[in-house]
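Architecture and fold: a report
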Amino acid sequence: DPSIAGVGGRIVNGRPGRFGELDYFLNHSEWMGPSGGPGGEKQSIPTMAIVYRRDAVGTARFPESNSGEDTAFALAVAARGGRLWQDPGILVTHRHERLDFRAFWDKQLACGRTIFLTRSSLDRPGRILVRAPILLFLFPHLWITLARMVRAGHVGKAVTLFPWLLAGEIARIRGFLEAR
C-alpha cells in the first residue's frame, strides 16, 4: 500500500529484572499489547520498532534533541501524506540500558521534561497538562500504565512493581514541572 509510510510492531522487554521491567512498563506500555491485539493506523510509533519507506521520509529529519524526537519525526513523515501502521504480530525486543535506580530516576525525569516539551509544541494527547499541571497529581499516566499491564496479563507485576511505578511517576511529574 503506497499510502503506508512506515510499519511498526510490538515492543518486547529484553531485560528481565526490576529496572528493565520498570523502564519497559513506564516507557513502552502502549506498545506491549497482546499478540493479535489492536493494530492499525497510529500517529506515532517509537523509532526502535518501526521501519520507514525511504521515499516517504523525503526531507523529514529528526530534531536535534532527545525530547520526543521519534514523535516529531513520525508526525513530520505523516504530514507529507503517509500513514503509519502498527502490526502487533511484529515483535521487537528492546534491551533497556537503565538498570539501576539512578539511571531509572534520571530517565523518568527526562521523560517528564519530554512530556512537557512535546505537549507544548506538538498536538499530542495530554496537552491539557500544560495548561493545568495540577492534573498531574491525579497520576493519569500511572493509571493508564497499570491498565495496560493488566490487559496484557501482567497483573502480578503491576502489584509488585506498584511502589516503583509510583516513584517513576513522581520523577516524571518533577521533570515536567522543572521544564515549565
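An account of the accompanying structure is given in this report. Predicted, not measured: the structure shown is a model, and the values here were computed from it.

Details of the nonpolar core
Within the largest apolar cluster, 34 residues are counted, with the highest numbers of intra-cluster contacts made by Phe 25, Met 149, Leu 165 and Phe 176. Mapped by element, the contributors of at least two residues to this core are β1 (4-13), α1 (18-28), α2 (54-57), α3 (69-79), α4 (101-121), α5 (128-131), α6 (140-151) and α7 (155-179). If we skip the residues at most four places from it in the chain, Phe 176 touches Gly 112, Arg 113, Ile 115, Phe 116, Leu 129, Val 130, Pro 133 and Leu 136.

Some remarks on α4
Helix length check: α4, at 21 residues, gives a terminal C-alpha distance of 30 Å against a target of 30 Å (1.5 Å per residue), a fit within 8%. Among the residues of α4, Phe 104, Trp 105, Gln 108, Leu 109, Cys 111, Gly 112, Thr 114, Ile 115, Phe 116, Thr 118 and Arg 119 are the ones counted as buried. The elements touched by buried residues of α4 are α1, α5 and α7. The residue sitting at the N-terminus of α4 and contributing the capping side-chain oxygen is Asp 100; that oxygen lies 3.3 Å from the backbone nitrogen of Arg 102.

A short note on α1
Of all the 11 residues making up α1, 10 are buried; the element is thus mostly covered by neighbouring parts of the structure. Taken together, the buried positions of α1 are Phe 19, Gly 20, Glu 21, Leu 22, Asp 23, Tyr 24, Phe 25, Leu 26, Asn 27 and His 28. Among the structural elements, β1, β4 (83-94), α4, α6 and α7 are those in contact with the buried residues of α1.

Let's talk about the pairing of β4
Pairing geometry for β1 and β4, over eight bridges, is parallel. In the strand pairing of β4, Ile 11 is matched with Val 92. Both strand β2 (residues 40-42) and β4 contribute to a ladder of three bridges, which runs antiparallel. If you follow Glu 41 over to β4, its bridge partner there is Trp 85.

The rules behind these values
Residues numbered from 1 in each chain as written. Predicted model: local features only at pLDDT ≥ 70, side-chain atom pairs only at ≥ 80, totals over all residues. Heavy atoms only, no water. Core = buried A, V, L, I, M, F, W, Y, C linked by side-chain atoms within 4.5 Å. Buried < 20%, exposed > 50% of the residue type's maximum accessible area, 1.4 Å probe, protein only. Helix = DSSP H or I, 4+ residues; strand = E, 2+ residues; numbered from the N terminus. Contact = heavy atoms within 4.5 Å. Expected span 1.5 Å × (residues − 1). Polar contact = N/O pair within 3.5 Å; in protein donor to acceptor, adjacent residues only side chain to side chain. Pairing = 2+ DSSP bridges.

Remember, this is a structural readout, not a statement about activity or role.
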